[in-house]
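Structure at a glance
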Amino acid sequence: MKKITSFISFLSVILISVSVAASNDDNFRGAVFGVSSKFSGKERSLSLFKAHDNLRHLQILASGVDLPLGGTGRPDAVGLYYAKIGIGTPPKEYYVQVDTGSDIMWINCIQCRECPKRGYHGLELTLYDPEDSFTWNPVTCSSGFCADINGGAVTGCKPNASCLYTETYGDGSYSIGYFVMDVVQYDSVSGDLETKLANGSVIFGCGARQSDNLGTSEEALDGILGFGKSNSSIISQLASSGKVNKMFAHCLDGDNGGGIFAIGHVVQPKVNSTPLIADEPHYSANVTGIEVGAQFLNLSTNTQGSGDKRRTIIDSGTTLAYLPDAIYRPLVNEIVAGQPDLRLRTLHDQYTCFEFSGSVDDGFPAVTFYFENSLSLKVYPHDYLFAFEDFLCFGWQNNGLDSLITTDTILLGDLVLSNKLVLYDLENQTIGWTEYNCSSTIKLRDEITGSVHLVGPHSIPSTGSRIPRRLLISFLITALLHHLIS
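Report on the accompanying structure. Quantities reported herein were computed from a predicted structural model and do not represent experimental measurements.

Taken as a whole and assessed by the stated rule, the structure comprises six disulfides. Here Cys109 engages in a disulfide with Cys206; their sulfurs sit 1.7 Å apart. Note on the Cys109 and Cys206 pair: the S-S dihedral is about -125 degrees, so by sign convention the disulfide is left-handed. Of this pair, Cys109 sits in the loop between β5 (106–108) and β6 (137–138) while Cys206 is found in strand β9 (residues 194–210), placing the two residues 97 residues apart along the sequence. On the basis of relative accessibility, which here comes to 0%, the residue Cys206 falls in the buried class. With its sulfur 1.9 Å from that of its partner, Cys141 forms a disulfide with Cys157. Classification of the bridge connecting Cys141 and Cys157 rests on its S-S torsion, roughly 80 degrees, and on that basis the disulfide is right-handed. Of this pair, Cys141 sits in the loop between β6 and α2 (144–149) while Cys157 sits in the loop between α2 and β7 (164–168), and the two are 16 residues apart along the sequence. The cystine pairing of the chain, numbering bonded cysteines in sequence order, is 1-8, 2-3, 4-6, 5-7, 9-12, 10-11.

Spatial strand order, β12-β11-β27-β28-β14: five strands in an open sheet with antiparallel pairing. Looking along the sheet, the strands with just one partner apiece sit at the ends: β12 (259–263) and β14 (272–275). Each strand of the sheet is rotated relative to its neighbour by a mean of 15 degrees, with strand direction disregarded. As paired strands, strand β11 (residues 247–252) and β12 are joined by five bridges and run antiparallel to one another.

With that settled, consider the pattern of salt bridges. For the structure on display, the rule yields five salt bridges. One salt bridge in this structure joins Arg311 and Glu280, with 3.0 Å as the shortest N-O distance. Within this pair, whereas Arg311 is found in strand β17 (residues 310–314), its partner Glu280 is found in the loop between β14 and β15 (284–292), the two being separated by 31 residues in sequence. In this structure, Glu355 engages Arg345 in a salt bridge whose closest nitrogen and oxygen atoms are separated by 4.0 Å. On the criterion of sequence distance, the pair formed by Glu355 in the loop between β20 (351–354) and α6 (360–363) and Arg345 in strand β19 (residues 345–347) is long-range, its members being 10 residues apart. Residue classification places Arg345 among the partly exposed positions, given a relative accessible area of 25%.

The next thing to look at is the sheet that holds strand β24 (residues 391–394). A sheet is described by the order of its strands in space; here four strands give the open sequence β19-β20-β24-β23, paired in antiparallel fashion. The open sheet is flanked by β19 and β23 (385–388), the only strands paired with a single partner. In this sheet, neighbouring strand axes are inclined to one another by 45 degrees on average, regardless of whether the strands run parallel or antiparallel. Bridge analysis of β23 against β24 gives four bridges, and the strand direction is antiparallel. Counted as the bridge partner of Ala387 is Leu392 from β24.

Looking now at the packing of aromatic side chains. As enumerated under the stated definition, the model contains 18 aromatic pairs in all. Measuring from centroid to centroid gives 4.9 Å for Phe356 and Phe364, while their planes differ by 65 degrees, and the two rings are edge-to-face. Judged by relative accessible area, Phe356 falls into the partly exposed class, the value being 22%. Linked through ring pairs, Phe354, Phe356, Phe364, Phe369, Tyr384, Phe394 and Trp396 together constitute an aromatic cluster.

Reading the values: rules and limits
- The numbering scheme is per chain: residues are counted from 1 as the chain's sequence reads.
- This being a predicted model, a pLDDT of at least 70 is required before a residue's local features are given, and a value of 80 or more before pairs of side-chain atoms are given or counted; all residues contribute to the totals for chains, interfaces and linings.
- Note that the side-chain values use all heavy atoms of the structure and ignore hydrogens as well as water.
- Pairs of cysteine sulfur atoms within 2.5 Å are what we label disulfides.
- Working definition: helices are DSSP H or I runs of at least four residues, strands are E runs of at least two. Numbering for both runs from the N terminus.
- A 1.4 Å probe rolled over the protein chains alone gives each residue an accessible area, and that area as a share of the maximum for its type sets the label: buried under 20%, exposed over 50%, partly exposed in between.
- When DSSP finds two or more bridges between two strands, those strands count as paired.
- Under this scheme, a helix contributes an axis fitted over its contacting stretch, all axes are lines through C-alpha atoms, and angles between N-to-C directions fall in the 0 to 180 degree range.
- What makes a salt bridge here is a side-chain nitrogen of Lys or Arg within 4 Å of a carboxyl oxygen of Asp or Glu, nothing more.
- When the centres of two rings from Phe, Tyr and Trp lie within 6.5 Å, Trp using its six-membered ring, the rings pair. Their planes under 30 degrees apart give stacked, over 60 give edge-to-face, and anything left gives tilted.

What follows is the structure, encoded as structure tokens:
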């Protein structure tokens, strides 16, 4: 039987390394981010991933709630990757998650009395103390940044008072703090597969208080780094300098666990794209068709059978794929139609599974999602079927059985994103992808100089850390940084 690919959610944590390499092009900048899997040493199970997704959807389905940060990042233990970053002068190391579904960077600060001193896998956590850094600066409530995240001038703002934030989640957990500005260290891309040390000032949250269910988590980390769509995200802050295009890409190697994360214009491979839905807080696009083998499904989720497209969230922080009941049931039925002797059963009241000993790619059809602008996304049987106990189970999940998801929404996670280069183009408000070998290199072009450099997976040594070296991968952010935010 063909190997069933283990999927790894892309809600990630980065290791911002401090290495230096020779540069042949001083005008081309980027950053090398190394990450490690949070589930290293654990058996990856559908139960574990489903629990992760349930927490994740508390965030995603808060659409319509006008939170002050323009997003609802989930900073607790749902991240599947972790690593560390350097902040301040002199720099200290912090373990953080990177998430395309949230908007701000924040780190637990010295005022947080409830924050744990050790986190996941016994990692030693560090509270950020602004007074220990020579380069920190306060962000006041009268600043433009504070007005932007609050949708206007802050009522009752007093001179020199800090800009505050509150992150509240669907399960009642919260994080409270204030914004500061300080230097973040990273490795700058300086040539083909070359890097050198660089740094830049960014605005991020200083977490002063957490609810008990966040602060006592056995999988706690120091913070989160948001790559969402709002002006407070790290991609938006870098773009506001005028030297960075507001686009980034990731490529997750579902077979080997490696990957690439790059800010910049991807010129190789070529990527087709579809429009992002306007005024959506998440990366959403319209699915216009779903094909199972050679059979198209009805996209309607109502009894009249109307509707020719379906709102679809592309979320690299979700592990599985969630479909409306009116789509899920016919999709599963069509997948197993060619195997009339299969006996479907439900395990643990939530997983549709069966026994099968043959080749899954020979025995079952691929599922293809069609988007506007003739973009398609094909999911193979070895991607959507997973070994669970002594059975094979579907990675497709039924929204109708999950109260956390609206019944009309399709949510596609890493089940469909693995082994594809996914490009988020906020300049043109599009998203696209192509099947790709994520253990190989990609090419990015500097829009300022026109130079093109190779970017690829890069394993960063884990000297002195508890991170298993074989699990470290890197995300290379090829940012066109001539001058960072001042």
